[in-house]
Amino acid sequence: MAKRVHRPREDAEFNFILGMSGVPVLAYFTGTWPKAIEPCRVMDLVVGGIADDYTGRLTAVRADITRCPAATERYGITGAPSYVLLKEGEAVAHGTGAMTIAEVRKFLDGHL
């Protein structure tokens with residue numbers, strides 16, 4: 001995974017990253033249960049590439065649902081992988097399931 005993808009260990013760290021970002025944030029939520037592991041691994045690669053391509057325009061944050069339960073609840077996350085595009089802490093777009101790089105770009109470009 002790209003170094004540009006933040007991996008908070010808890011809700012406080014997730015909130016700190018949101019507060020420090022001067023650009024929109026792509027928060028993607030992952031899970032560790034059997035049906036979520038493989039799609040989340042795929043999305044690690046996709047979002048890592050996206051984070052590199054959108055340097056300076058986007059902050060990427062990979063949040064584990066079990067480690068960031070308050071953020072998971074706040075943004076209505078019910079499965080993994082799920083995505084929320086945040087501008088100034090407010091959700092402007094949601095997505096779920098594994099996506100290709102082209103699909104993630106389309107998801108982002110309509111809102112950036």
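The sections below set out a description of the structure shown in this document. On a predicted model such as this, the values are computed, not experimentally measured, just so you know.

In space, the 5 strands of this open sheet follow the order S1-S3-S2-S4-S5, with mixed pairing throughout. Two strands close off the open sheet at either side, each with one partner strand: strand S1 (5–6) and strand S5 (90–96). Across 6 bridges, strand S2 (residues 25–30) lies against strand S3 (residues 59–64) in parallel orientation. By the bridge assignment for S3, Thr30 is matched with Asp64.

Since there are 3.6 residues in each turn of an α-helix, residues three or four apart along the chain are aligned in direction. Over its 20 residues, helix H2 (residues 34–53) runs 30 Å from end to end, which matches the ideal 28 Å to within 8%, given 1.5 Å per residue. Buried within H2 are the following residues: Ala36, Cys40, Met43, Asp44, Val46, Val47, Gly48, Ile50 and Ala51. Considering only its buried residues, H2 is in contact with S1, S2, S3, strand S4 (82–87) and helix H4 (101–109).

Okay, the side chain of Ser21 next. Within the secondary structure layout, Ser21 lies in the loop between helix H1 (11–20) and S2. Ser21 sits in the buried class, given a relative accessible area of 17%. Polar contacts involving the side chain of Ser21 include one to the main-chain carbonyl oxygen of Val23, which spans 2.7 Å. Within polar-contact distance, the side chain of Ser21 engages the side chain of Thr59 at 2.9 Å.

Rules and cut-offs
Residues numbered from 1 in each chain as written. Predicted model: local features only at pLDDT ≥ 70, side-chain atom pairs only at ≥ 80, totals over all residues. Heavy atoms only, no water. Pairing = 2+ DSSP bridges. Helix = DSSP H or I, 4+ residues; strand = E, 2+ residues; numbered from the N terminus. Expected span 1.5 Å × (residues − 1). Buried < 20%, exposed > 50% of the residue type's maximum accessible area, 1.4 Å probe, protein only. Contact = heavy atoms within 4.5 Å. Polar contact = N/O pair within 3.5 Å; in protein donor to acceptor, adjacent residues only side chain to side chain.

In short, geometric facts, not functional conclusions.
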